[in-house]
Amino acid sequence: DTEVTQTPKHLVMGMTNKKSLKCEQHMGHRAMYWYKQKAKKPPELMFVYSYEKLSINESVPSRFSPECPNSSLLNLHLHALQPEDSALYLCASSQRGSNTEAFFGQGTRLTVV
Amino acid sequence: AQSVAQPEDQVNVAEGNPLTVKCTYSVSGNPYLFWYVQYPNRGLQFLLKYITGDNLVKGSYGFEAEFNKSQTSFHLKKPSALVSDSALYFCAVRDATSGTYKYIFGTGTRLKVLA
(Lines give C-alpha, C1' and ligand atoms only; values in the text may rest on other atoms or scores of the structure.)
Protein backbone atom coordinates (compact mmCIF):
# COMPACT_ATOMS: atom_id res chain seq x y z
CA ASP A 1 0.00 0.00 0.00
CA THR A 2 1.72 3.18 -1.21
CA GLU A 3 -1.24 5.46 -0.81
CA VAL A 4 -1.97 8.49 1.28
CA THR A 5 -5.72 8.84 1.63
CA GLN A 6 -7.34 12.18 2.32
CA THR A 7 -10.97 12.86 3.20
CA PRO A 8 -13.06 14.63 2.23
CA LYS A 9 -12.08 15.35 -1.37
CA HIS A 10 -14.11 18.55 -1.39
CA LEU A 11 -15.29 20.76 1.46
CA VAL A 12 -17.32 23.95 1.51
CA MET A 13 -17.53 25.69 4.85
CA GLY A 14 -18.75 28.96 6.25
CA MET A 15 -16.50 31.31 8.15
CA THR A 16 -18.06 30.33 11.47
CA ASN A 17 -17.92 26.57 10.93
CA LYS A 18 -15.62 24.00 12.47
CA LYS A 19 -14.47 21.17 10.24
CA SER A 20 -11.64 18.67 10.07
CA LEU A 21 -9.51 17.25 7.28
CA LYS A 22 -8.27 13.71 7.65
CA CYS A 23 -5.24 11.92 6.28
CA GLU A 24 -4.22 8.28 6.60
CA GLN A 25 -1.21 6.26 5.48
CA HIS A 26 -0.17 2.66 6.14
CA MET A 27 3.35 2.74 4.79
CA GLY A 28 4.95 2.95 8.23
CA HIS A 29 6.14 6.48 7.56
CA ARG A 30 6.97 8.41 10.71
CA ALA A 31 7.00 11.89 9.15
CA MET A 32 3.72 13.45 8.06
CA TYR A 33 3.06 16.84 6.52
CA TRP A 34 0.33 19.33 5.77
CA TYR A 35 0.74 21.59 2.76
CA LYS A 36 -1.47 24.34 1.37
CA GLN A 37 -1.52 24.92 -2.37
CA LYS A 38 -3.08 27.79 -4.24
CA ALA A 39 -3.88 27.44 -7.93
CA LYS A 40 -0.81 27.19 -10.18
CA LYS A 41 1.52 27.72 -7.21
CA PRO A 42 3.89 25.36 -5.43
CA PRO A 43 2.80 23.70 -2.20
CA GLU A 44 3.51 25.72 0.95
CA LEU A 45 4.51 23.77 4.02
CA MET A 46 2.25 24.28 7.03
CA PHE A 47 3.16 21.58 9.57
CA VAL A 48 5.45 18.60 9.97
CA TYR A 49 4.99 15.78 12.47
CA SER A 50 7.82 13.44 13.31
CA TYR A 51 7.03 10.40 15.43
CA GLU A 52 3.62 11.92 16.20
CA LYS A 53 5.17 15.09 17.61
CA LEU A 54 4.89 18.49 15.99
CA SER A 55 8.29 19.23 14.48
CA ILE A 56 7.67 22.24 12.28
CA ASN A 57 4.97 24.92 12.37
CA GLU A 58 5.52 27.40 9.60
CA SER A 59 3.89 30.27 11.53
CA VAL A 60 0.45 29.07 10.55
CA PRO A 61 -2.53 31.01 11.99
CA SER A 62 -4.15 29.37 14.99
CA ARG A 63 -7.41 28.87 13.08
CA PHE A 64 -5.57 25.82 11.67
CA SER A 65 -4.90 23.21 14.34
CA PRO A 66 -3.06 19.99 13.47
CA GLU A 67 -3.32 16.74 15.34
CA CYS A 68 -1.51 13.41 14.98
CA PRO A 69 -3.47 10.81 16.98
CA ASN A 70 -1.20 7.92 15.95
CA SER A 71 1.49 7.00 13.46
CA SER A 72 -1.01 6.46 10.63
CA LEU A 73 -3.35 9.39 11.05
CA LEU A 74 -3.05 13.12 10.65
CA ASN A 75 -5.86 15.62 11.11
CA LEU A 76 -6.19 19.31 10.40
CA HIS A 77 -8.88 21.05 12.42
CA LEU A 78 -10.33 24.19 10.88
CA HIS A 79 -12.15 26.96 12.71
CA ALA A 80 -13.19 30.50 11.77
CA LEU A 81 -11.46 30.39 8.40
CA GLN A 82 -11.31 33.26 5.96
CA PRO A 83 -12.15 33.16 2.24
CA GLU A 84 -8.44 33.54 1.46
CA ASP A 85 -7.90 30.16 3.14
CA SER A 86 -9.63 28.52 0.19
CA ALA A 87 -7.06 26.22 -1.39
CA LEU A 88 -6.05 22.62 -2.02
CA TYR A 89 -4.80 21.08 1.22
CA LEU A 90 -2.32 18.28 0.71
CA CYS A 91 -1.20 15.69 3.18
CA ALA A 92 2.08 13.86 2.64
CA SER A 93 4.19 11.29 4.42
CA SER A 94 7.75 10.07 4.19
CA GLN A 95 10.36 7.99 5.89
CA ARG A 96 12.57 10.00 8.21
CA GLY A 97 15.73 11.34 6.62
CA SER A 98 16.40 14.20 4.24
CA ASN A 99 17.04 11.85 1.30
CA THR A 100 13.52 10.44 1.28
CA GLU A 101 10.74 11.28 -1.10
CA ALA A 102 7.29 12.27 0.08
CA PHE A 103 4.10 10.51 -0.88
CA PHE A 104 1.19 12.90 -1.35
CA GLY A 105 -2.52 12.40 -1.01
CA GLN A 106 -4.81 13.76 -3.72
CA GLY A 107 -5.80 16.64 -1.50
CA THR A 108 -8.91 18.28 -0.10
CA ARG A 109 -10.27 21.15 -2.14
CA LEU A 110 -11.47 23.63 0.49
CA THR A 111 -13.77 26.54 -0.26
CA VAL A 112 -14.56 29.04 2.49
CA VAL A 113 -17.72 31.07 1.90
CA ALA B 1 19.25 30.05 2.34
CA GLN B 2 17.90 27.33 0.13
CA SER B 3 16.09 28.10 -3.10
CA VAL B 4 14.96 26.47 -6.31
CA ALA B 5 14.36 28.20 -9.62
CA GLN B 6 12.31 26.92 -12.52
CA PRO B 7 12.87 29.61 -15.13
CA GLU B 8 10.09 28.56 -17.50
CA ASP B 9 6.44 28.92 -16.54
CA GLN B 10 5.45 26.77 -19.51
CA VAL B 11 7.17 24.45 -21.94
CA ASN B 12 5.50 23.35 -25.16
CA VAL B 13 6.77 20.36 -27.06
CA ALA B 14 5.42 18.24 -29.89
CA GLU B 15 4.54 14.63 -29.18
CA GLY B 16 7.47 12.35 -29.93
CA ASN B 17 10.05 15.10 -29.47
CA PRO B 18 12.48 15.20 -26.56
CA LEU B 19 11.54 17.42 -23.65
CA THR B 20 13.55 19.29 -21.02
CA VAL B 21 12.21 21.05 -17.95
CA LYS B 22 14.84 23.19 -16.27
CA CYS B 23 15.69 23.50 -12.59
CA THR B 24 18.51 25.26 -10.76
CA TYR B 25 19.06 25.25 -7.05
CA SER B 26 20.95 26.93 -4.25
CA VAL B 27 21.76 25.25 -0.94
CA SER B 28 24.51 25.83 1.56
CA GLY B 29 25.33 22.13 1.95
CA ASN B 30 24.97 19.12 -0.30
CA PRO B 31 21.64 18.95 -2.09
CA TYR B 32 19.08 16.24 -2.26
CA LEU B 33 17.03 16.95 -5.39
CA PHE B 34 13.57 15.76 -6.37
CA TRP B 35 11.12 16.00 -9.24
CA TYR B 36 7.37 15.74 -8.76
CA VAL B 37 4.50 15.85 -11.25
CA GLN B 38 1.00 17.10 -10.55
CA TYR B 39 -2.04 16.38 -12.69
CA PRO B 40 -5.13 18.62 -12.38
CA ASN B 41 -6.87 18.40 -9.00
CA ARG B 42 -4.43 15.75 -7.80
CA GLY B 43 -1.60 15.57 -5.32
CA LEU B 44 2.03 15.49 -6.28
CA GLN B 45 3.54 12.28 -7.58
CA PHE B 46 7.21 11.51 -7.07
CA LEU B 47 9.18 11.01 -10.30
CA LEU B 48 12.83 10.71 -9.29
CA LYS B 49 15.53 11.95 -6.96
CA TYR B 50 19.24 12.57 -6.81
CA ILE B 51 20.97 11.69 -3.58
CA THR B 52 24.51 10.78 -4.52
CA GLY B 53 26.44 8.83 -7.12
CA ASP B 54 25.67 8.74 -10.82
CA ASN B 55 24.72 12.17 -12.12
CA LEU B 56 22.11 10.72 -14.46
CA VAL B 57 19.08 9.56 -12.53
CA LYS B 58 16.29 7.49 -14.07
CA GLY B 59 12.77 7.63 -12.76
CA SER B 60 9.17 6.79 -13.43
CA TYR B 61 7.38 6.95 -16.80
CA GLY B 62 10.61 7.19 -18.80
CA PHE B 63 11.79 10.41 -17.17
CA GLU B 64 15.39 11.06 -16.25
CA ALA B 65 17.30 13.98 -14.79
CA GLU B 66 20.89 15.07 -14.88
CA PHE B 67 22.58 16.51 -11.83
CA ASN B 68 25.24 19.10 -12.66
CA LYS B 69 27.07 20.32 -9.59
CA SER B 70 29.09 23.02 -11.32
CA GLN B 71 25.97 24.56 -12.86
CA THR B 72 23.82 23.77 -9.79
CA SER B 73 21.20 22.34 -12.11
CA PHE B 74 18.92 19.32 -12.14
CA HIS B 75 17.06 19.36 -15.44
CA LEU B 76 14.27 16.86 -16.11
CA LYS B 77 14.35 15.12 -19.48
CA LYS B 78 12.47 12.59 -21.54
CA PRO B 79 13.58 11.32 -24.95
CA SER B 80 10.10 11.16 -26.48
CA ALA B 81 7.19 13.16 -25.06
CA LEU B 82 3.64 11.84 -24.79
CA VAL B 83 0.45 13.89 -24.70
CA SER B 84 -0.23 12.24 -21.33
CA ASP B 85 2.93 13.88 -19.95
CA SER B 86 1.11 17.22 -20.00
CA ALA B 87 1.04 18.33 -16.36
CA LEU B 88 2.62 20.65 -13.82
CA TYR B 89 6.16 19.73 -12.82
CA PHE B 90 7.88 20.78 -9.60
CA CYS B 91 11.54 20.59 -8.74
CA ALA B 92 12.36 20.44 -5.03
CA VAL B 93 15.51 20.50 -2.90
CA ARG B 94 16.49 19.55 0.59
CA ASP B 95 19.77 20.45 2.26
CA ALA B 96 21.41 17.15 3.17
CA THR B 97 23.37 18.65 6.04
CA SER B 98 20.57 20.54 7.74
CA GLY B 99 18.50 17.50 8.68
CA THR B 100 15.37 19.41 7.87
CA TYR B 101 12.15 17.81 6.72
CA LYS B 102 11.36 20.85 4.66
CA TYR B 103 11.23 20.56 0.89
CA ILE B 104 11.87 23.80 -0.97
CA PHE B 105 9.77 23.73 -4.13
CA GLY B 106 10.28 25.64 -7.33
CA THR B 107 7.43 27.64 -8.77
CA GLY B 108 6.50 24.87 -11.19
CA THR B 109 6.62 24.45 -14.96
CA ARG B 110 3.55 23.60 -16.96
CA LEU B 111 4.41 21.10 -19.66
CA LYS B 112 2.13 20.99 -22.66
CA VAL B 113 2.69 18.19 -25.16
CA LEU B 114 0.97 18.88 -28.46
CA ALA B 115 -0.40 16.05 -30.59
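See the structure printed just above.
Residues numbered from 1 in each chain as written. Chains lettered and ligands numbered in written order. Predicted model: local features only at pLDDT ≥ 70, side-chain atom pairs only at ≥ 80, totals over all residues. Heavy atoms only, no water.

Observations concerning the sheet that holds strand 3 (residues 18–25) of chain A
All names here are of chain A.
Here comes step 1: As summarised here, the arrangement of the four strands in space is 1-3-8-7, forming an open sheet in which the pairing is antiparallel. Strands at the two margins of the open sheet, each flanked by one partner only, are strand 1 (4–7) and strand 7 (64–70). Strand-to-strand twist across the sheet, computed as the mean angle between neighbouring axes with direction ignored, equals 20°.
Here comes step 2: Looking at chain direction, strand 3 and strand 8 (residues 73–79) are connected through seven bridges and run antiparallel. When the bridges of strand 8 are listed, lysine 18 appears paired with histidine 79. (Pairing = 2+ DSSP bridges. Helix = DSSP H or I, 4+ residues; strand = E, 2+ residues; numbered from the N terminus. Axes fitted to C-alpha atoms, helices over the stretch in contact; angles between N-to-C directions.)

A word on the pattern of salt bridges
Here comes step 1: Counting across every chain of the model gives seven salt bridges over all chains.
Here comes step 2: Between Glu52(A) and Arg30(A) there is a salt bridge, with the nearest N and O atoms lying 2.8 Å from each other. On the criterion of sequence distance, the pair formed by Glu52(A) in the loop between strand 5 (44–50) and strand 6 (53–57) and Arg30(A) in the loop between strand 3 and strand 4 (31–37) is long-range, its members being 22 residues apart.
Here comes step 3: With a relative accessible area of 27%, Arg30(A) lands in the partly exposed category.
Here comes step 4: With a shortest N-O distance of 2.6 Å, Glu101(A) and Lys49(B) are connected by a salt bridge. Pair noted here: Glu101(A) is in the loop between strand 9 (87–94) and strand 10 (103–104) and Lys49(B) is in strand 6 (residues 44–50), and the two residues belong to different chains.
Here comes step 5: With relative accessibility at 26%, the residue Lys49(B) sits in the partly exposed group. (Salt bridge = Lys/Arg side-chain N within 4 Å of Asp/Glu carboxyl O. Buried < 20%, exposed > 50% of the residue type's maximum accessible area, 1.4 Å probe, protein only.)

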